[in-house]
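Examining the three-dimensional arrangement
Here is what each chain is made of, one letter per residue.
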Amino acid sequence: MAPLNDDSPRRGPATQFSLTRLVGRGLGGVPPTALVLLGIVSVQLGSALAKQLFTEVGSFGTVALRLFFAAAILVLLWRPSPRMSRRAWTVVVGYGLTLGLMNLCFYLALDRLPLGIAVTVEFLGPLTVALIGSRRWLDALWAALAAAGVVLLMGGGGEVDLLGLLFALGAGACWGLYIVVSAALGRHTTEGNGLALGMIVAALVAVPVGVADSGTALVQPWVLVAGLGLALLSSVVPYSLDLEALRTMPPRVFGILMSLEPAMAALIGLVVLQELLHWSQWIAVLCVVIASVGATRGARPEIRAEDRAATQDLDRRT
């Protein structure tokens, strides 16, 4: 992988290759399931931090800070090379656009909904990916249980902002697409090269919107520090872990393993943000969690092995 500038004396191709191999080797020793779970905790703590910034720079400004710093960190870490095939660039641009839109929709939802509810509705995206293509009647039951949870959120006790729900559904659709595109990104790019370039594309989507909305409030020193922490928790750490996990894990399995996401979001919202949910809303969250856990336990081991082997074969050929 070549550096961005050929005249840069600080890191040549050999040095950068050693760095990427070292980081990849470190993550490669961690089971992909653990990588996904660590990413869940990190991103929900980041979401809690983001809500603290809304009063100062708004949801658009918060997204801009998150993606700007995430792109800057990943570029410094990986020094991505733009020398890729047209197919690889198509995947990178698709990944970046999906990532930018997903964050914009989610933060608009988060500004109107408790963290646990926003994530529960958004989670329909990866759950749909997990269930697409299944012909088992039991998976239809899990899908119905998840849908019942969302209906309970909308019609049960507690106030729910309908516009916030729509934004959360939009974020969920982007999240489902993100899972599929991330798998392609892992196949068509090397190490963090595609991730860094994709994050630049996402930043180009969000930063102009954030600057237009928040103006000079974005350059306050404490806001910049908070934005840096937000980028680490919400983007750099979880997306790097996701990408590494998806190198050996099929998108369907990855989507199922996100089953703890709504419950973790509700717990962090309760502990960190003091967001109290109505009892019916907790039941709704549990419905979605149980649905994905049921899908996980019901998946046949031989199918998982075949999917993983197919993914690894694609990795070798590309």
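As shown above, the structure is provided for reference.
Predicted model only: the values in this text are computed from it and were never measured. (Residues numbered from 1 in each chain as written. Predicted model: local features only at pLDDT ≥ 70, side-chain atom pairs only at ≥ 80, totals over all residues. Heavy atoms only, no water.)

**Focus on the packing of helix H4 (residues 115-122) against helix H5 (residues 124-131)**
Put simply, H4 and H5 touch, their axes get as near as 5 Å, and they point 30° apart. As the angle between them shows, H4 and H5 are arranged roughly parallel. Taken together, the residues of H5 that come into contact with H4 (itself represented by Thr120, Val121 and Glu122) are Leu124, Gly125 and Pro126. In terms of residue class, the contact of H4 with H5 is built from three nonpolar, two polar and one charged. (Axes fitted to C-alpha atoms, helices over the stretch in contact; angles between N-to-C directions. Helix = DSSP H or I, 4+ residues; strand = E, 2+ residues; numbered from the N terminus. Parallel < 35°, antiparallel > 145°, perpendicular 65-115°, else oblique. Contact = heavy atoms within 4.5 Å. Nonpolar A, V, L, I, M, F, W, Y, C, P; charged D, E, K, R; others polar.)

**Quick look at the side chain of Ser47**
Inspection of the secondary structure puts Ser47 in helix H2 (residues 32-78). Residue classification places Ser47 among the buried residues on the basis of a relative accessible area of 2%. Setting aside anything within four residues of it in sequence, one finds Ser47 in contact with Phe106, Leu110, Leu115 and Ser234. (Buried < 20%, exposed > 50% of the residue type's maximum accessible area, 1.4 Å probe, protein only.)

**A look at empty space enclosed by the protein**
Going through the model one piece at a time under the given rule, you end up with one cavity of 30 Å³ or more. Approximately 240 Å³ is the volume found for the largest cavity. Secondary structure elements with two or more residues in the lining of the largest cavity: H2, helix H3 (86-110), H4, helix H7 (162-188) and helix H9 (221-246). Among the elements that line the lining of the largest cavity, the one with the most residues is H2, at seven residues. A breakdown of the residues in the lining of the largest cavity according to their chemical character gives 11 nonpolar, four polar and four charged. (1 Å grid on protein atoms, 1.4 Å probe; cavity = no way out; pocket = protein on both sides within 12 Å on 5 of 7 lines; lining within 4 Å. Points joined across faces, edges and corners; volume = space filled by probe spheres on them.)

**A closer look at the packing of H4 against helix H11 (residues 261-273)**
Where H4 meets H11, the axes come as close as 7 Å, and the angle between the chain directions of the two elements is 165°. Put simply, H4 runs roughly antiparallel to H11. Where H4 crosses over H11, the handedness of that crossing is right-handed. Every residue of H11 that contacts H4 at Leu115, Gly116, Val119 and Thr120 is listed here: Glu261, Pro262, Ala265, Ala266, Ile268, Gly269 and Leu273. Residue composition of the contact of H4 with H11, by class: seven nonpolar, three polar and one charged. (Left-handed = near helix turned anticlockwise from the far one by under 90°.)

**As for the pattern of salt bridges**
Under the criterion given, the structure shown has two salt bridges. The partner of Arg247 in a salt bridge is Glu244, and the shortest N-O contact between them spans 3.8 Å. Arg247 gets classed as buried once you look at its relative accessible area, which sits at 17%. (Salt bridge = Lys/Arg side-chain N within 4 Å of Asp/Glu carboxyl O.)

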